[in-house]
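Overview (structure and organization)
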Amino acid sequence: MNFFQSITSALDICLEKDSTAVIFGEDVAFGGVFRCTVGLRDKYGADRVFNSPLSEQGIVAFGIGMAVAGSTAIAEIQFADYIFPAFDQLRNEAAMFRYRTGNLFDCGSLTVRTPCMAVGHGALYHSQSVEAFFAHCPGLKVVIPRGPIQAKGLLLACMRDPNPCVFFEPKILYRAAIEDVPTGDYEIPLSKAEVMLEGTDVTLIGWGTQVHVLREVAEMAQDKFNISCELIDLRTILPWDKDTILNSAAKTGRVLISHEAPMTMGFAAEIATTIQSECFLNLEAPIERVCGYDTPFPHVFEPFYMPDKWQCMTAIKKLLNY
């Protein structure tokens, strides 16, 4: 399966096994703009897979209500760039519902899916990486997969988790890769990073699309400079896996964190702060961040905006030469 087919498979399994599950959002009834819900309305009926009005605030508010009433609510926001009208509902309602009722009520069966990150031609309003906004919302879980196998397992875990989840899907990956995704039901644990490559010289940390950039960088560093890189896919932004990151940082003593979102207040800053607080005496060099610029996401200048393998390679050399 490719990425979007693995999403469809996860949604299909959830609808089949959970009679309370419903899917809603803009254009999901005919399959959605990225075809992630193709065939599901025909299979499960228009009362379980249906279109919403063009109102992100309304979509999430409706999902909260469905979840509180006992349904497994699976909402789609068509692009993460347009999730901000719903930010109040996610921040002030979904994230706090359990806390403010003293655990009498909750909307933990809500999952919000939304495509994110660069796509090659999305410009200002179809390219943003907004995960850091939601990392500041205790009560939510925030997840970003890197590929089809991860997407299916993590989405199934989100839909069954007892907390509201925001599930970001890197849109450029929808048709970019095919993997041998298990057709059956499986889950990948949330809040657990994956060490994709083990190494001894530098720790590379990323999520979503950027993991693939860092994998290429790790191979290039090994082949050209005999630098051994440890590559970690964070996978869950909130709550994130501190232990895996700190153990790797203590082992290598050098860390590079990279993401597409702007540098200032990007989630790399939180990771870097935690590492320097917990692993200060293990570090051999200041932590490096290679991120997007503090500008709106450009159109024709996208290749210059993106934190590419050459910028990451330069940062690795800086770490080793410090």
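Note that the structure is predicted; figures quoted are calculated from it, not measured. (Residues numbered from 1 in each chain as written. Predicted model: local features only at pLDDT ≥ 70, side-chain atom pairs only at ≥ 80, totals over all residues. Heavy atoms only, no water.)

Considerations on the overall build of the protein
Scanning the protein from N- to C-terminus turns up 12 helices and 12 strands. Whereas a compact globule of 322 residues would reach a radius of gyration of roughly 20 Å, the protein reaches 20 Å, a difference of no more than 12%. By residue count, 58% of the 322 residues in the protein fall in the buried class. Put simply, 82% of the contacts in the protein that link residues at least 6 apart link residues at least 24 apart. Of the roughly 13,500 Å² that the protein leaves accessible, carbon and sulfur atoms contribute 55%. Charged side chains of the protein number 26 positive and 38 negative; the gap between the two group centres comes to 1 Å. (Helix = DSSP H or I, 4+ residues; strand = E, 2+ residues; numbered from the N terminus. Rg over C-alpha atoms; globule rule 2.2 N^0.38 Å. Buried < 20%, exposed > 50% of the residue type's maximum accessible area, 1.4 Å probe, protein only. Contact = heavy atoms within 4.5 Å. Areas by Shrake-Rupley, 256 points an atom, 1.4 Å probe, with all protein chains shown as cover. Lys, Arg positive; Asp, Glu negative; His and termini not counted. Charge placed at Lys NZ, Arg CZ, Asp CG, Glu CD.)

Thoughts on the UniProt feature "domain: Transketolase-like pyrimidine-binding" (unreviewed entry) in the protein
Feature annotation in UniProt places "domain: Transketolase-like pyrimidine-binding" (unreviewed entry) on residues 1-176, given in this structure's numbering. Secondary structure content for residues 1-176 is 35% helix and 16% strand, while the C-alpha to C-alpha distance between its ends is 11 Å. (UniProt positions renumbered as here; feature names shortened; annotations may be inferred.)

Brief notes about empty space enclosed by the protein
This model, assessed by the stated rule, comprises one cavity of 30 Å³ or more. A volume near 30 Å³ is recorded for the largest cavity. Taken together, Gly 31, Gly 32, Val 33, Phe 34, Arg 35, Cys 36, Glu 76, Arg 113, Pro 115 and Tyr 174 form the lining of the largest cavity. In terms of residue class, the lining of the largest cavity is built from five nonpolar, two polar and three charged. (1 Å grid on protein atoms, 1.4 Å probe; cavity = no way out; pocket = protein on both sides within 12 Å on 5 of 7 lines; lining within 4 Å. Points joined across faces, edges and corners; volume = space filled by probe spheres on them. Nonpolar A, V, L, I, M, F, W, Y, C, P; charged D, E, K, R; others polar.)

Focus: the nonpolar core
Ile 271 and Ile 275 are the most contacted members of the largest nonpolar core, which totals 53 residues. Leaving out residues up to four positions away in the same chain, Ile 275 has contacts with Ile 205, Ile 245, Leu 246, Ala 249, Val 255, Phe 280, Leu 283 and Ile 287. Judged by nonpolar contacts, the second largest core, of 34 residues, contains Ala 10, Leu 11, Cys 165 and Val 181. (Core = buried A, V, L, I, M, F, W, Y, C linked by side-chain atoms within 4.5 Å.)

Here we look at the packing of aromatic side chains
Aromatic ring pairs are reported here in terms of the distance separating the ring centres and the angle at which the planes meet. For the coordinates displayed, the defined rule picks out 15 aromatic pairs. Judged by centre distance (6.2 Å) and plane angle (65°), the ring pair of Tyr 293 and Tyr 305 falls under edge-to-face. Of this pair, Tyr 293 sits in the loop between β12 (288-292) and α11 (302-305) while Tyr 305 sits in helix α11, and the two are 12 residues apart along the sequence. The class of Tyr 293 is partly exposed, set by a relative accessible area of 45%. (Phe/Tyr/Trp six-rings, centres within 6.5 Å; stacked < 30°, edge-to-face > 60°.)

A closer look at a nonpolar patch on the surface
On the surface, Val 68, Leu 104 and Phe 105 cluster together into a nonpolar patch covering about 310 Å² of accessible area. Looking at where Val 68 falls in the secondary structure, it is placed in helix α3 (residues 56-68). (Patch = residues over 30% accessible without salt bridge, like charges linked within 9 Å, V, L, I, M, F, W, Y side chains within 5 Å. Salt bridge = Lys/Arg side-chain N within 4 Å of Asp/Glu carboxyl O.)

Focus: the side chain of Asp 81
Along the chain, Asp 81 falls in the loop between β3 (72-76) and α4 (87-94). Despite its burial, Asp 81 pairs with no opposite charge; the closest candidate is Lys 171, at 4.6 Å N-O. Polar side-chain contacts of Asp 81 include one of 3.2 Å to the backbone nitrogen of His 126. There is a polar contact of 3.0 Å between the side chain of Asp 81 and the backbone nitrogen of Gln 128. (Polar contact = N/O pair within 3.5 Å; in protein donor to acceptor, adjacent residues only side chain to side chain.)

So, the sheet that holds β12
Read across the open sheet, the five strands follow the order β7-β9-β8-β11-β12; overall the sheet is mixed. Unpaired on one side and paired on the other, β7 (194-197) and β12 mark the two borders of the sheet. Strand-to-strand twist in this sheet, taken as the mean axis angle between neighbours without regard to direction, amounts to 25°. The sheet contact formed by strand β8 (residues 202-206) and strand β11 (residues 255-262) spans three bridges and is parallel. Counterpart to Ile 205 in the pairing with β11 is Ile 257. In the packing of helix α10 (residues 267-278) onto the sheet, the strands contacted are β8, β11 and β12, and the crossing angle to β11 comes to about 155°. (Pairing = 2+ DSSP bridges. Axes fitted to C-alpha atoms, helices over the stretch in contact; angles between N-to-C directions.)

Describing the sheet that holds strand β10 (residues 236-238)
The pairing of strands in a sheet comes from backbone hydrogen bonds and takes either a parallel or an antiparallel form. Across the sheet, seven strands lie side by side as β2-β1-β3-β4-β6-β5-β10; this open sheet has mixed pairing. Two strands in the sheet have a free side with no partner beyond their single neighbour: β2 (49-51) and β10. Direction aside, the axes of adjacent strands within the sheet are offset by 20° on average. Here strand β4 (residues 110-116) runs beside strand β6 (residues 165-170); their pairing, made up of six bridges, is parallel. Considered in β6, the bridge of Thr 114 is made with Phe 168. In the packing of helix α7 (residues 148-160) onto the sheet, the strands contacted are β3, β4, β5 (141-143) and β6, and the crossing angle to β6 comes to about 160°.

Details of the environment of Glu 187
By the secondary structure assignment, Glu 187 is in the loop between β6 and β7. Residue class for Glu 187 comes out partly exposed when judged on its relative accessible area of 44%. Glu 187 sits 177 residues away from Ala 10 along the chain, and the two C-alpha atoms are 9.7 Å apart. With residues near it in sequence (within four places) discarded, Glu 187 still touches Gly 153, Leu 156, Ala 157 and Arg 160.

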